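Descriptive structure summary
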Amino acid sequence: MTKTPTLVYALSLSLVSIATLPAQSPGEGGGPPKVVQIIREEVKPGKGAAHAKVEAGWPRAFAKAKWPTHYLAMTSMSGPSEAWFLIGYPSMAAWEQDNQNSEKATALTAQLDQLSARDGELLSNTRGVVATYIDSLSYKPHVDMPTMRYFQVLTFRVRPGHESDFMQAAKMFRTAYEKAKDLPAAWATYRVDFGMPGPVYLVFIPAKSLEEMDQHPAQDKAFGEAMGAENWKALNKIAADSYVNVESNLFALSPKMSYPPTEFAARDPDFWTPKALAVAKMSSMTPRDTTKRDK
């Protein structure tokens, strides 16, 4: 293996470093949705706090309407100042049905239109993306998502006609992790179907804390040995020949802007519903307790 830092080696370090997650069964972790709609909002400089305040109105509106479709929100910690909203569906047909249902919900739509108008004043650009999950290019994706706090997103822009090269490289990474066995890692790979010039693949790597990124030096040697010198050579050639570029950015999950299912939020209420807990605590206080607090 070459000692010169290469694109694929740098990516391998990111996969090792941030993905120290316990594997979960489908019943526990739920698994990645088959189809994900990603709404990307580019926030104007200095408008992040105002944007978050407006966006908090959307979950309240959906909760009031008891809307069945949920989503997670996250904000960028690197790259452009963006907020991403991830809406999962079991199929394209389910996405279509959700759109049709929303058109009929006139009261909800009217409220969302007002929020959209306020939101638009704080944004410089928006983009809608729809992507499909690829299980064969993912690794131990059934994580306990309610306990996650971050997503690292790798964006692979592949040269047309080289999709098979990307798939080969992704499978080589997966095989190396399987061979290493004890290396903690997890990721979900999606192919972008609509909304971006393609071919584009998105790799989502969840993390519980940024402290996990400090652990990768001790894991690099084991991963390098599992990959092998010949495979590194092949990966470097694929990167040079097949990728337009690869971008890595870090996002923090935002509970205030998210609309998670009740059972999802209940897995870690201190993070997902802190206000609800505070209200419940105040409600449980006796009059004497309340008086003492006021003093």
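Computed from a prediction, not measured in an experiment: that's the story for all the values here.

Let's talk about the overall build of the protein
Of the regular secondary structure elements, the protein holds 13 helices and eight strands. Out of the 295 residues belonging to the protein, those deemed buried represent 44%. Pairs at least 24 apart in sequence give 85% of the contacts found in the protein among residues at least 6 apart. Summing over all exposed atoms, the protein offers an accessible surface of approximately 15,500 Å²; the carbon and sulfur share of this is 55%.

Here's the deal with the packing of helix α7 (residues 163-180) against helix α9 (residues 229-242)
Relative orientation of the contacting elements α7 and α9 amounts to 150 degrees, with a least axis distance of 10 Å. The angle between α7 and α9 falls in the class roughly antiparallel. Pair α7 / α9 crosses with left-handed handedness. For the pair α7 and α9, the contacting residues are Asp-165, Gln-168, Ala-169, Met-172 and Phe-173 in the first and Asn-231, Ala-234, Leu-235, Ile-238 and Ser-242 in the second. For the contact of α7 with α9, a count of residues per class yields six nonpolar, three polar and one charged.

Some remarks on the layout of surface pockets
Approximately 830 Å³ is the volume found for the largest pocket. Lining the largest pocket are 33 residues, with Gly-31, Pro-33, Leu-72, Met-145 and Phe-264 positioned closest to its centre. The greatest single-element share of the lining of the largest pocket, amounting to four residues, is contributed by strand β3 (residues 82-89). Classifying every residue of the lining of the largest pocket by side-chain character gives 24 nonpolar, five polar and four charged.

Examining the packing of aromatic side chains
Per the stated rule, a full pass over the model turns up 21 aromatic pairs. Taking the centre distance of 5.9 Å and the plane angle of 75 degrees together, the rings of Phe-62 and Tyr-71 count as edge-to-face. Residue classification places Tyr-71 among the buried positions, given a relative accessible area of 8%. One aromatic cluster is present, formed by Tyr-139, Phe-173, Tyr-177, Trp-187, Phe-223 and Trp-232 through successive ring pairs. Looking at Arg-149, its charged tip hangs above the ring of Phe-271, at a distance of 3.8 Å from the centre.

Observations concerning the nonpolar core
Within the largest apolar cluster, 29 residues are counted, with the highest numbers of intra-cluster contacts made by Phe-156, Tyr-177, Trp-187, Phe-223 and Tyr-243. Secondary-structure elements contributing two or more residues to this core are β4 (123-139), β5 (150-158), α7, β7 (200-207), α8 (217-227), α9 and β8 (243-253). Considering every element that reaches this core, the biggest residue donor is α7, with eight residues. Trp-84, Leu-86, Val-143 and Tyr-190 belong to the second largest nonpolar core, which has 28 residues in total.

A closer look at the pairing of strand β2 (residues 71-76)
By the bridge criterion, five bridges tie β2 to β3 in an arrangement that is antiparallel. Following the sheet pairing, Ala-73 is matched in β3 by Phe-85. Here β2 folds back onto β3, and the loop between the two strands holds five residues, one of which, Gly-79, carries a positive phi near 70 degrees. In terms of strand pairing, β2 meets β8 through three bridges, oriented antiparallel. Each bridged residue has a counterpart across the sheet, and for Met-74 the counterpart in β8 is Leu-253.

A word on the packing of helix α3 (residues 48-55) against helix α4 (residues 57-64)
Axis separation between α3 and α4 bottoms out at 4 Å; the angle between their running directions is 5 degrees. On the basis of their axis angle, the class for α3 and α4 is roughly parallel. Only Gly-57, Trp-58 and Pro-59 of α4 make contact with α3, whose side of the interface consists of Lys-53, Val-54 and Glu-55. Looking at side-chain class alone, the contact of α3 with α4 contains three nonpolar, one polar and two charged residues.

Notes on the sheet that holds β8
The strand order around the closed barrel built from eight strands is β1-β3-β2-β8-β5-β7-β6-β4, with neighbouring strands paired in antiparallel fashion. Taking each pair of neighbouring strands and ignoring which way they run, the sheet shows an average axis angle of 35 degrees. Two elements, β4 and strand β6 (residues 187-194), share six bridges in a ladder whose sense is antiparallel. The residue bridging Tyr-133 from the neighbouring strand is Tyr-190, located in β6. Against the sheet, α3 contacts β1 (35-43), β3 and β4, and its axis sits at roughly 140 degrees relative to β1.

Examining a positive patch on the surface
Taken together, the side chains of Lys-53, Arg-60, Arg-118, Lys-256 and Lys-275 present a region of like positive charge at the surface. Within the secondary structure, Lys-275 is located in helix α12 (residues 274-283). Classification of Lys-275 by relative accessible area gives exposed; the value is 66%.

Thresholds, definitions, all that
Residues numbered from 1 in each chain as written. Predicted model: local features only at pLDDT ≥ 70, side-chain atom pairs only at ≥ 80, totals over all residues. Heavy atoms only, no water. Helix = DSSP H or I, 4+ residues; strand = E, 2+ residues; numbered from the N terminus. Buried < 20%, exposed > 50% of the residue type's maximum accessible area, 1.4 Å probe, protein only. Contact = heavy atoms within 4.5 Å. Areas by Shrake-Rupley, 256 points an atom, 1.4 Å probe, with all protein chains shown as cover. Axes fitted to C-alpha atoms, helices over the stretch in contact; angles between N-to-C directions. Parallel < 35°, antiparallel > 145°, perpendicular 65-115°, else oblique. Left-handed = near helix turned anticlockwise from the far one by under 90°. Nonpolar A, V, L, I, M, F, W, Y, C, P; charged D, E, K, R; others polar. 1 Å grid on protein atoms, 1.4 Å probe; cavity = no way out; pocket = protein on both sides within 12 Å on 5 of 7 lines; lining within 4 Å. Points joined across faces, edges and corners; volume = space filled by probe spheres on them. Phe/Tyr/Trp six-rings, centres within 6.5 Å; stacked < 30°, edge-to-face > 60°. Lys NZ or Arg CZ within 6 Å of the ring centre and 35° of its normal. Core = buried A, V, L, I, M, F, W, Y, C linked by side-chain atoms within 4.5 Å. Pairing = 2+ DSSP bridges. Patch = residues over 30% accessible without salt bridge, like charges linked within 9 Å, V, L, I, M, F, W, Y side chains within 5 Å. Salt bridge = Lys/Arg side-chain N within 4 Å of Asp/Glu carboxyl O. Lys, Arg positive; Asp, Glu negative; His and termini not counted. Charge placed at Lys NZ, Arg CZ, Asp CG, Glu CD.

Nothing here speaks to function; it is geometry throughout.
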